[in-house]
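Read off the chains here:
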Amino acid sequence: MTFRSVLVLLPMALSGAAVSTAVCAAEMTRAEIGAARARIEQTYQAKVRECNQRFVVTGCLEDARDERIRQLRPLDHAEHQVNAEERLRRSAAARERVEKNEREAAQDEARRKTESVREAAQPASTPVLPAARTPRANPEWHQRREAKLDAEAKADAAKRREAAAERQRKAQERQRKAGEQQLRSAQKAASAASAPVGRNTKPPAAHLPTPSASDIRALPKP
C-alpha cells in the first residue's frame, strides 16, 4: 500500500468511525449518554493537565477542545432524539387517556339513555297506602283539656287586668307630679310679681350738722 492510498483511505476510515459513533449514540439511553459525557469530560480534563505540562500549551489545548466537541456532538444529537421520543410517548399517552375518557363517557351516556327508555316503557305502579286509623273518642281527656285551656285563659286575663291597673296607677302618679310642679311654678311667679320694682335696700345717708351764726361769722372774708 502506497502513501497516497493511505491518505485516501484515512478520511474514509475517520468518517466511518464517526458514522458508527453516531449510530451507537443514537441507540443510547439517557443514562448511557450521561455516562459517556462524564467519560469525555474526564478525558478532556486529563488532556488539559497534560497540555499544561508541555512547552507549547495553546495548540495542545485547542486540539483537546476540538476533540471534546467532536466527541460530544453525537451525544448531543442522541440526547435530542431521546427528548423527542419522550415527548412523542407523552403525547401518545395523553391522547390515549383522552380517547379512553371519551369512550367511557359515551358508554355512560348510552347506558343512561337505555335505562331511561326502559323505565319509560314500564307502567307506573300506584303505591298502596295503609288505611288511616280513626282515633277513639275520650270524653274525660277532652274535658281536662277544656278545663286547662279555660284556666290558662283566666290567668292570662288576670295578668292583663293587673298590667292595665299598673299602667293606670303610673299615669295618675305622673299627673299628680305634673300638677305639683305647675303649682310650684305658679307660686314662684306670683312671688316674683309682688316684689316692688327698683326698691333700694341701702340705708339712707347721714345728714350733715347745720352751721351756727358764730360759725358763719368766723369764716374768712374774701
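Details of the structure are given in the entry above.
Here's what I pulled together on the structure shown here. (Residues numbered from 1 in each chain as written. Predicted model: local features only at pLDDT ≥ 70, side-chain atom pairs only at ≥ 80, totals over all residues. Heavy atoms only, no water.)

## Quick look at the overall build of the protein
Right, so step 1: Secondary structure assignment for the protein yields five helices and zero strands.
Right, so step 2: Helices and strands appear in the protein in the N-to-C order α-α-α-α-α.
Right, so step 3: Classification of the 222 residues of the protein by burial places 8% in the buried group.
Right, so step 4: Of the accessible surface of the protein, which amounts to about 20100 Å², a share of 58% is contributed by carbon and sulfur atoms. (Helix = DSSP H or I, 4+ residues; strand = E, 2+ residues; numbered from the N terminus. Buried < 20%, exposed > 50% of the residue type's maximum accessible area, 1.4 Å probe, protein only. Areas by Shrake-Rupley, 256 points an atom, 1.4 Å probe, with all protein chains shown as cover.)

## Observations regarding the nonpolar core
A general tendency of soluble globular proteins is for nonpolar side chains to be buried together.
Right, so step 1: Membership of the largest hydrophobic core is limited to eight residues, which are Met 28, Ile 33, Ala 36, Ile 40, Leu 72, Leu 75, Ala 78 and Val 82.
Right, so step 2: Secondary-structure elements contributing two or more residues to this core are helix 2 (30–52) and helix 3 (58–121).
Right, so step 3: Per element, the largest residue contribution to this core is four residues, and it comes from helix 3.
Right, so step 4: Judged by nonpolar contacts, the second largest core, of six residues, contains Tyr 44, Cys 51, Leu 61 and Ala 64. (Core = buried A, V, L, I, M, F, W, Y, C linked by side-chain atoms within 4.5 Å.)

## What to know about the state of the cysteines
Right, so step 1: Overall, the coordinates contain one disulfide when judged by the stated rule.
Right, so step 2: Sulfur-sulfur distance for the disulfide between Cys 51 and Cys 60 comes to 1.7 Å. Residues Cys 51 and Cys 60 are joined by a disulfide whose S-S torsion is about -60°; by sign, that bridge is left-handed.
Right, so step 3: Cys 60 gets classed as buried once you look at its relative accessible area, which sits at 7%. (Disulfide = S-S within 2.5 Å.)

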